[in-house]
Amino acid sequence: MDSSSGVKELSKIINETYESFSDFFVRRRKISFKAVISEIVKTGYEAIPIVAIISLFVGIIMSLQSAYQLKRVGALIYVANLVGISITRELGPILTAILVSGRSGSSFAAEIGSMKISEEIDALTTMGINPVRFLIVPKFLALLLMVPALTLISDFMGILGGWLLAVTVLDINAESYYQQTISAVLLKDISTGLLKSGVFAVIITLTGCYQGFRVSGGAEEVGRRTTASVVASIFLVIVTDCFFTALFYYFT
Amino acid sequence: MKKIIEVKNLKTYYGDMEVLKNVTLDIYRGKNTVILGGSGCGKSTLLKHLIGLLKPAEGKILFEGKDITKMSLEEIVSLRKRLGVLFQGAALFNSMTIGENVALPLKEHTKLDDSTITIISRMKLDQVGLAGFEDYYPSQLSGGMKKRAGLARAMAMDPEILFFDEPSAGLDPITASGLDDLILKLNKIFKVTIVVVTHELPSMNKIADNVIMLDKGKVIFCGNLEEFKGCNNEKVRQFIERRADEDNQSHEEYFKTLIKEN
């Protein structure tokens, strides 16, 4: 009973989001750009510091850990390749997606959930406004733009972190580390990472909003659904990542 | 008198529990109808059916002769533009100012330009006595003011019928009475049909033309206010005279329920 109504709710959300987008492109129905901008600020702009700092540290860690191995075979310069490729192909997108799940996915669930218990969703419906279009579409657009953008920042900061450590601790020449990274990281590596991050954006929005719309009890359930949204979206992000990585391994 | 809403043999369930049992009632155009009943009698559920938020298991809800349970999405949306709802907690959007809240239905449903919408929303706020509050956020207002702002939003599209879910809940007698006056004013001046769900007798006495009383999911009374006051139904008398349910349990039975021995 519970799981079947859950599937129904999820398919309703997916359907209505799709319809809202086709409404927008085909029938030129207006989407509130003010709401989109406000979501972009909340989910993207305000996440820049945390994404940048965490990626910087992960870059440093990656650099140190790979140096530990590569030093033994006397191939220290390949730290640049290892850091560059693992950050752009994998760590940048997934770190960003996990951070955005924790920051924005949870806030979507909490926002929609508390709107649901204070009857605001009912109020929207009785005003003849589709709550899915009104609430999800701006979040959807914002994350579709912002997760790839944050991923780019994360890529840059991660590589910067690796470079910083290599130059200061590992005594690698700054210029040659730079050249090594440029020649190792292909455009393909960055673009597959960005493609993945777009898919993660879809997953995070849908999971967060779905859990929000499923709230039916009181404040306690808002908390429970918020937790569930973070756990579920991190899980789904990693599973999807596994699938895409396998796909790219064979087809690029 | 013309009927605006007719409910016929409405039945609904929450899980296995039957919440509304064969409810049949009429709401007349231009009248103030009060739906009365104790807690848990199904009156809020009935209201949610009337505004199309819930679908009944069985029965019909006719709005001007058309069954809303069988309407397409477009028909329901265009119907909803003709009705306004004031929810129990006012249900204002906390991220928007009062003015933006009132303007929202206009922005979504009309092609008016922004300055016209601002003027209309100010007028609506003025009608409920909140002139000059358009830049405040809901969290900055008192309970009574929130309800007034919610009412202004419900009136934004000039509805033909307004629904109120427990308008006086959580308000002091003076503020509640002020809200009742406002409801009467709307009915007299704008000829809006009013449907109020409440359990408060003073409020009912003031507003009602017609009274519908529910008890345990059944309609036990349907008629005008005078008839209601003279009604001899045991439950109605109990409600009007404010008597608690009599405790018929013997001591022996009470002990048995305590130790769960049947």
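Throughout this document, residue positions are counted from 1 along each chain, in the order its sequence is written. Ligands are numbered from 1 and chains lettered from A, in the order in which they are written. Reporting in this predicted model follows two pLDDT cut-offs: at least 70 for local features of residues, and 80 or more for side-chain atom pairs to be given and counted; totals over whole chains, interfaces and linings ignore these cut-offs and use all residues.

### Quick look at the overall build of chain B
- In this text, helices come from DSSP runs of H or I with a minimum length of four residues, and strands from runs of E with a minimum of two, each type numbered from the N-terminal end. Of regular secondary structure, chain B possesses ten helices and ten strands.
- For every residue, the other C-beta atoms within 10 Å of its own C-beta are counted; 20 or more classify it as buried, 12 or fewer as exposed, and values in between as partly exposed. C-beta atoms are placed from the backbone. Counting across all 262 residues of chain B, residues that qualify as buried make up 39%.
- What counts as a contact is two residues whose backbone-derived C-beta atoms lie within 7 Å of each other. In chain B, of all internal contacts separated by at least 6 residues, the share reaching a separation of at least 24 is 65%.

### A short note on the overall build of chain A
- A count of helices and strands for chain A gives nine helices and zero strands.
- Overall size of chain A, expressed as C-alpha extent along the three principal axes, is 70 × 40 × 35 Å.
- Of all 252 residues assigned to chain A, the portion counted as buried reaches 44%.

### A few points about the nonpolar core
- Here a nonpolar core is just a set of buried residues of the types Ala, Val, Leu, Ile, Met, Phe, Trp, Tyr and Cys, joined wherever their C-beta atoms sit within 7 Å. Counting residues in each nonpolar core, the largest one holds 120 residues, and the members touching the most others are B:Ala152 and B:Phe163.
- Counting residues per element, this core draws most heavily on helix H6 (residues 131–168) of chain A, at 17 residues.
- With near-sequence residues (within four places) excluded, B:Phe163 lies in contact with B:Leu47, B:Leu50, B:Ile51, B:Leu83, B:Val85 and B:Val195.

### Some remarks on the sheet that holds strand S2 (residues 17–28) of chain B
Residue and element names in this part refer to chain B.
- Strands sit in the order S2-S1-S4-S5 across an open sheet of four strands; the sheet is antiparallel. For this open sheet the edge positions go to S2 and strand S5 (66–67), each flanked by a neighbour on one side alone.
- As paired elements, strand S1 (residues 3–14) and S2 share eight bridges and run antiparallel to each other. Paired with Thr12 across the bridge in S2 is Leu20. DSSP calls a pair of strands paired once it identifies at least 2 bridges connecting them.

### With respect to the domain arrangement of chain B
All names here are of chain B.
- For the purposes of this description, domain bounds are those given by an automatic or database domain assignment. By the assigned domains, chain B splits into domain 1 (3–82 + 160–258) and domain 2 (91–158).
- Here domain 1 and domain 2 have C-alpha centroids that lie 27 Å from each other.
- The interface is formed by eight residues belonging to domain 1 together with eight residues belonging to domain 2.
- The greatest single-element share of the side of domain 1 that touches domain 2, amounting to three residues, is contributed by helix H6 (residues 173–190).

### What about the interface of chain A and chain B?
- The partner chain B presents 14 residues to the ten residues of chain A that form the contact.
- Following the grouping adopted for this structure description, the nonpolar residues are Ala, Val, Leu, Ile, Met, Phe, Trp, Tyr, Cys and Pro, the charged ones are Asp, Glu, Lys and Arg, and the polar ones are all others, Gly among them. Looking at the side of chain A that touches chain B, its residues break down into three nonpolar, four polar and three charged.

### Some points on the environment of B:Thr45
Residue and element names in this part refer to chain B.
- Structurally, Thr45 is set in helix H1 (residues 43–50).
- Sequence-wise, Thr45 and Glu64 are 19 residues apart; in three dimensions their C-alpha atoms are separated by 21 Å.
- Setting aside anything within four residues of it in sequence, one finds Thr45 in contact with Thr12, Val19, Leu20 and Leu54.

### What to know about the confidence of the model for chain B
- When pLDDT is averaged along chain B, the result is 86; 98% of the residues meet or exceed 70.
- Scored as a whole, the predicted complex attains pTM 0.85, and scored at its interfaces, ipTM 0.84. Scored from 0 to 100, pLDDT records how confident the predictor is in each individual residue.

### Some words on the sheet that holds strand S3 (residues 32–36) of chain B
Residue and element names in this part refer to chain B.
- With mixed pairing, six strands are arranged side by side in an open sheet as S6-S7-S8-S3-S9-S10. Single-partner strands in this sheet number two, and they are strand S6 (83–86) and strand S10 (218–224). On average, each strand axis in the sheet is inclined to that of its neighbour by 15 degrees, with strand direction left out of account.
- The sheet contact formed by S6 and strand S7 (residues 161–165) spans four bridges and is parallel. If you follow Leu83 over to S7, its bridge partner there is Ile161.
- Only the stretch in contact is used when a helix axis is fitted, and all axes are lines through C-alpha atoms; the angle between N-to-C directions ranges over 0 to 180 degrees. Packed on one face of the sheet, H6 meets S3, S7 and strand S8 (193–198) and runs near 155 degrees to S8.

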